[in-house]
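Single-letter residue listing:
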Amino acid sequence: MTTSAELPASVLAGVLRYTAFSADPEGGNPAGIVLDAAHLDEALMLATAAAVGYSETAFVTSRDDHERRFTLRYFSPLAEVDFCGHATIATAVALAERLGAGPLTFDTPAGEIPVATTADANGLVRATLTSVPTHSRPTPDADVDAALATLRWRRSDLDPALPPHIAFGGENHLVLAAVTRARLADLDYDFDALAALMRDRDWTTVHLVWREDDTTYHARDPFPVGGVVEDAATGAAAAAFGGYLRTLNLLPATGALTLHQGEDMGRPSHLTVTATLADPRVQVSGTAVPISA
């Protein structure tokens, strides 16, 4: 297995670093981006992601600039994942800055992801991804109890109006809704125990939310299976959450939601989620900006 110490210097030098779902380099969720990864094998991609150290690094393994179509793979420091929302947004912004704003198509292990990009008068690029079809189902009680034990939460900490579900938006996410903002803010979980449970149940993140009102939610996403304590913004979980609310008939009339994430980490993130009853797919939108290593 290739280690970070064995990585060619040219590989790390080719990594772009962007933060997604923020216009402030100090906010959002950082992602690594390699725009020319056709020559990298899986071991090199995994070693690169580990060396970068962000929750995800996206690798463009093939590209057709004329058709604006690209193949993406995503690696956390520990493993490959099928889909990552914040790295998709970051990659789309990086490409739009180089090719010009407009539609992009990403072929990912989870499926085809169309992304629209636009630039404002100041050049800030916003990207809107359309997820694969989402779905959601109730979580078995035994799995809820096991997750709560690793989080050190109680059943009374859960909002009964938002029942636990396994929501899918390219990856599986356990959705648990806190009854208070204070409960969400107090996150102190058993990293190894939650990681083991998530690997066994095939959950990519645990999407912890608190509902401020019908269109505004606050979220936190433990990601121990990726070797990361918490994501500051999780586009894949946001897409799955939109599908979750559709399943529960809890979408607002406009279908548009705002998710605030990263606040308790000191990296505030702003995600816009749009879902409708007519389409099983969900749109997730945000900005991204370059950051220093």
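Worth saying up front: this structure is predicted, and the values here are computed from it rather than measured.

**What about the overall build of the chain?**
And step 1. Along its length, the chain carries seven helices and 17 strands.
And step 2. What you see for the chain is a C-alpha radius of gyration of 18 Å, in line with the 19 Å of a compact globule of 293 residues.
And step 3. With respect to the three principal axes, the spread of C-alpha positions in the chain is 50 × 45 × 30 Å.
And step 4. The buried share among the 293 residues of the chain stands at 57%.
And step 5. Considering only residue pairs separated by 6 or more positions, the chain has 66% of its internal contacts joining residues 24 or more positions apart.
And step 6. Taken as two groups, the 20 positive and 37 negative side-chain charges of the chain have centres that lie 2 Å from each other.

**Here we look at the nonpolar core**
And step 1. Counting residues in hydrophobic clusters, the biggest one holds 55 residues, and the most contacted among them are Y74, F106, V115, F241, L245, L259 and V284.
And step 2. Broken down by element, the residue count for this core peaks at eight residues, all from helix α3 (residues 85-99).
And step 3. Here L245 is in contact with L162, Y217, L250, L251 and L257, once residues within four sequence places are set aside.
And step 4. Residues L148, L158, L174 and F223 belong to the second largest nonpolar core, which totals 23 residues.

**A look at unusual backbone geometry**
And step 1. Phi angles above zero are rare outside glycine, and R68 is one such case at about 60°.
And step 2. Mapped onto the elements, R68 comes out in the loop between β3 (57-64) and β4 (69-75).

**So, the packing of aromatic side chains**
And step 1. Evaluated as defined, the whole model comprises six aromatic pairs.
And step 2. With 6.1 Å between their ring centres and 70° between their planes, F70 and F106 make a pair best called edge-to-face. With F70 in strand β4 and F106 in strand β6 (residues 103-108), this residue pair connects regions lying 36 residues apart in the sequence. Like F106, F70 is buried.
And step 3. With 6.3 Å between their ring centres and 20° between their planes, Y189 and F191 make a pair best called stacked.
And step 4. A network of ring pairs unites the aromatic residues Y217, F241 and Y244 as a single cluster.

**Some details on the side chain of H218**
And step 1. The residue H218 is located in strand β13 (residues 216-223) in this model.
And step 2. Taking relative accessible area as the criterion, H218 reaches 8% and is therefore assigned buried.
And step 3. In terms of polar contacts, H218 uses its side chain to reach the side chain of E212, at 2.7 Å.
And step 4. Sequence-distant contacts of H218, that is, excluding residues within four places in its chain, are made with R181, L184, L208, V209, W210, E212, H260 and E263.

**A look at the pairing of strand β14 (residues 228-231)**
Along any regular strand, the residues point their side chains to alternate faces of the sheet.
And step 1. Both β13 and β14 contribute to a ladder of three bridges, which runs antiparallel. From the neighbouring strand, P222 faces β14, where its bridge partner is E230.
And step 2. The loop that links β13 with its antiparallel partner β14 comprises four residues; one of these, G227, has a positive phi angle of about 80°.

**Regarding the pattern of salt bridges**
Two side chains bearing opposite charge may form a pair once their charged atoms approach each other closely.
And step 1. Within this structure, the stated rule accounts for 18 salt bridges.
And step 2. Across the pair R73 and E42 runs a salt bridge, and its minimum N-O distance is 2.8 Å. Of the two residues, R73 is situated in strand β4 and E42 in helix α2 (residues 42-52); the sequence distance between them amounts to 31 residues.
And step 3. Salt-bridge contacts for D143 lead to R201; the nearest nitrogen and oxygen are separated by 2.7 Å. In this pair, D143 is assigned in helix α4 (residues 141-151) and R201 in helix α6 (residues 191-201), connecting sequence segments 58 residues apart.
And step 4. Accessibility expressed as a relative area gives 13% for D143, which makes it buried.
And step 5. Sharing partners across several salt bridges, the network here consists of R181, R220, E230, E263 and D264.

**Looking at the packing of α4 against α6**
And step 1. Axis separation between α4 and α6 bottoms out at 9 Å; the angle between their running directions is 155°. Judged by the inter-axis angle, α4 sits roughly antiparallel to α6. The hand of the α4/α6 crossing is left-handed. Touching D143, A146, A147, T150 and L151 of α4 are A193, L194, L197 and R201, all from α6.
And step 2. Its residues placed into classes, the contact of α4 with α6 shows six nonpolar, one polar and two charged.

**Points about the pairing of β3**
And step 1. Sheet topology places strand β2 (residues 29-34) next to β3; three bridges connect them, and they run parallel. Its bridge partner being in β3, I33 is matched across the sheet by A58.
And step 2. Direction of pairing for β3 relative to β4: antiparallel, over a ladder of seven bridges. Paired with A58 across the strands is Y74, a residue of β4.
And step 3. Here β3 hands over to β4 after four residues, with R68 in that stretch at a positive phi of 60°.

Rules used throughout
- Residues numbered from 1 in each chain as written.
- Predicted model: local features only at pLDDT ≥ 70, side-chain atom pairs only at ≥ 80, totals over all residues.
- Heavy atoms only, no water.
- Helix = DSSP H or I, 4+ residues; strand = E, 2+ residues; numbered from the N terminus.
- Rg over C-alpha atoms; globule rule 2.2 N^0.38 Å.
- Buried < 20%, exposed > 50% of the residue type's maximum accessible area, 1.4 Å probe, protein only.
- Contact = heavy atoms within 4.5 Å.
- Lys, Arg positive; Asp, Glu negative; His and termini not counted.
- Charge placed at Lys NZ, Arg CZ, Asp CG, Glu CD.
- Core = buried A, V, L, I, M, F, W, Y, C linked by side-chain atoms within 4.5 Å.
- Phe/Tyr/Trp six-rings, centres within 6.5 Å; stacked < 30°, edge-to-face > 60°.
- Polar contact = N/O pair within 3.5 Å; in protein donor to acceptor, adjacent residues only side chain to side chain.
- Pairing = 2+ DSSP bridges.
- Salt bridge = Lys/Arg side-chain N within 4 Å of Asp/Glu carboxyl O.
- Axes fitted to C-alpha atoms, helices over the stretch in contact; angles between N-to-C directions.
- Parallel < 35°, antiparallel > 145°, perpendicular 65-115°, else oblique.
- Left-handed = near helix turned anticlockwise from the far one by under 90°.
- Nonpolar A, V, L, I, M, F, W, Y, C, P; charged D, E, K, R; others polar.

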